[in-house]
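# Chains, contacts and geometry: an overview
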Amino acid sequence: MKDMMKKLARTVEYLKSKISFTPEIAIILGSGLGKLADFIEGRQEIPYEEIPNFPQTTVVGHEGKLIFGRLGGRNVVAMKGRFHYYEGNDMEVVVYPIRTFKHMGIPNIIVTNAAGGVNTGFVPGDLMLITDHISLFCDNPLRGENLDDLGPRFPDMSKAYDRDLQKIALESAKNLGIELKSGIYSYCKGPSFESPAEIRALRLIGADAVGMSTVPEVITARHMGMRVLGISCITNMAAGILDQPLNHEEVMETGKQVEKKFSSLVSDIVANWK
Ligand code: HPA
């Protein structure tokens, strides 16, 4: 485990040698939501392959780079291309960027994702503020020896998604005239989409949306005491709701359709961050 701290130190040392400021907020961009990065001013891009010890991406539609700059008048870093468990990555790899951000001195994180709508009141193109998550059937990123330097063995998840940041997000949405739904994100391992029976079961236990990312990152961020805001883009209705098959193209297509409202919302939230 000392190795992990050494690896992180090397990664952070490299990033600090390239970037002269410490971002206030890290933003993880979900599938099809990468356009937000274009709104960042004074961009300094660092491809993952240049960063010592940083993992590499494999999914179509996910580039691999960190984009440093200013958004809404604040210093930020956006992560274009995240690491999923379904790619075969160990959890340690999936959450490595989050640990990197914390070690750079970044206290806040916005996690975004494409998700299937489980709540039948949702429609594709909706944005959903994540109020809590369900991760019952999935591996925990903190399994194994605890990294005491990072956080406690049994971290609390009762308010994983910061209440004050949720208020700011709802206020921003209202001011911009953007409808922002709220709900519970359920994490499934993928890469196959869920079955209709699984979706019915998830709805029964309280899920509003389902996706294949985000929760490991949030658990890791909370382990280290970072403040978290989460937004899902409902790119499709989850399996079995409509009489049509699910596919990745639809996910990317809907992401493209909402990118403008998504980008304005996130920029405004960042500008009003407290
Ligand atoms: N299920 C899981 N992950 C997803 C979905 C879905 O329906 N849509 C986008 N990501």
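Structure: above.
In this text the structure is predicted, and so the values were computed from the model without any measurement.

### A short note on the nonpolar core
In terms of nonpolar packing, the biggest core is built from 49 residues, with L15, I51, L66, F68, F101 and I109 touching the most fellow members. For this core, the element with the highest residue contribution is helix α1 (residues 2-18), accounting for six residues. If near-sequence neighbours (up to four positions away) are discounted, L66 is found in contact with L15, Q44, E45, I46, Y48, I51, F54, V77, A78, M79 and F101. Counting 30 residues, the second-largest nonpolar core is a separate cluster that includes L127, L180, F262 and W273.

### Comments concerning the packing of aromatic side chains
Applying the stated criterion to the full structure yields five aromatic pairs. On the numbers, 4.9 Å between centres and 50° between planes, the contact of Y48 with F54 is tilted. Judged by its relative accessible area of 6%, F54 is buried. Between F54 and F83, the aromatic rings sit 6.0 Å apart at their centres with planes inclined by 70°, giving edge-to-face as the arrangement. Of this pair, F54 sits in the loop between β2 (41-47) and β3 (65-71) while F83 sits in the loop between β4 (74-80) and α2 (91-94); the two residues are 29 residues apart in sequence, bridging distant segments of the chain. Accessibility expressed as a relative area gives 1% for F83, which makes it buried.

### Considerations on the side chain of D162
Structurally, D162 can be placed in the loop between β6 (127-134) and α4 (163-176). Classification of D162 by relative accessible area gives buried; the value is 17%. Within the structure, the side chain of D162 is placed 2.9 Å from the backbone nitrogen of L165, a separation counted as a polar contact. Ignoring any residue separated from it by four or fewer positions in sequence, one finds D162 in contact with R227 and V228.

Cut-off values and rules
Numbers given to residues run from 1 along each chain, matching the order in which its sequence is written. For this predicted model, a pLDDT threshold of at least 70 governs which residues receive local features, and a threshold of 80 or more governs which side-chain atom pairs are given and counted, while totals over whole chains, interfaces and linings are taken from all residues. Values shown for side chains rest on all heavy atoms present in the structure; no hydrogens or waters enter the calculation. The criterion is simple. A nonpolar core is a set of buried Ala, Val, Leu, Ile, Met, Phe, Trp, Tyr and Cys residues joined through side-chain atoms within 4.5 Å. Each residue is assigned to one of three classes by its accessible area relative to the maximum for its type, calculated with a 1.4 Å probe on protein chains only: buried under 20%, partly exposed between the two thresholds, exposed over 50%. For the purposes of this entry, the term helix denotes a DSSP run of H or I that reaches at least four residues, the term strand denotes a run of E that reaches at least two, and both are numbered from the N terminus. In this description, contact between two residues means that some pair of their heavy atoms is separated by no more than 4.5 Å. Think of it this way: a Phe, Tyr or Trp ring, Trp meaning its six-membered ring, pairs with another when their centres are within 6.5 Å, and the plane angle makes it stacked under 30 degrees, edge-to-face over 60, tilted otherwise. Within 3.5 Å is the distance limit for a polar contact, defined as a pair of N or O atoms, with the added protein rule that one can donate a hydrogen and the other accept it, and that residues adjacent in sequence qualify only through two side-chain atoms.

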